[in-house]
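# Remarks on the overall topology
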Amino acid sequence: MAGYDKDIGPSMYYIDYIATMHKLDKGAFGYGSYFSLAMMDRHFKSNMTLEEAVDLADKCILEIRSRLVVAPPNFVIKIVDKDGAREYAWRNSVGDAPYETVQA
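Residues numbered from 1 in each chain as written. Predicted model: local features only at pLDDT ≥ 70, side-chain atom pairs only at ≥ 80, totals over all residues. Heavy atoms only, no water.

The protein appears in an unreviewed UniProt entry as Proteasome subunit beta type 2 from Kalanchoe fedtschenkoi.

Now the structure itself:
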């Protein structure tokens, strides 16, 4: 869960299956989370620009595509900031289609 508070700034939390909540700087879940978290551990910085954060998301997506047999066919990058939550871009990879970026 992610959100923005005008007094605190951006926040992200993970809530597990027994409702335990953890505050996070970065996070991933599901089958590809081990690959994504490894990329984030190496490349994440707390003061990243939007472009750096999207580049890191792209690195995670490429890692998942190359290592996970059951990788999802498409990915959506979403932004949560002081302006609210919104779709930022899609990453399409159905079949052998070339890597695409569609700005929302």
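Structure shown, so let's carry the discussion forward.
### Remarks on the environment of L50
Note the threshold: In DSSP terms, a helix is any run of H or I states spanning at least four residues, a strand is any run of E spanning at least two, and both are numbered starting from the N terminus. Contacts are assigned to residue pairs that have any heavy atoms within 4.5 Å of one another.
Within the secondary structure, L50 sits in helix 2 (residues 50-67). Sequence-distant contacts of L50, defined by excluding residues within four places in its chain, comprise I79 and Y88.

### Here's the deal with the side chain of S11
Quick reminder of the rule: Summary of the burial criterion: residues with accessible area below 20% of their type's maximum are buried, those above 50% are exposed, and those between are partly exposed, where the area comes from a 1.4 Å probe applied to protein chains only. Polar contact is the term for a pair of N or O atoms within 3.5 Å; when the atoms are in protein, one must be able to donate a hydrogen and the other to accept it, and sequence-neighboring residues count only if both atoms are side-chain atoms.
Residue position: S11 is located in strand 2 (residues 9-15). You can call S11 buried: its relative accessible area is 15%. For S11, the side chain forms a polar contact with the side chain of K23, separated by 3.4 Å. Discounting residues that sit within four places of it in the chain, S11 has contacts with M1, A2, G3 and K23.

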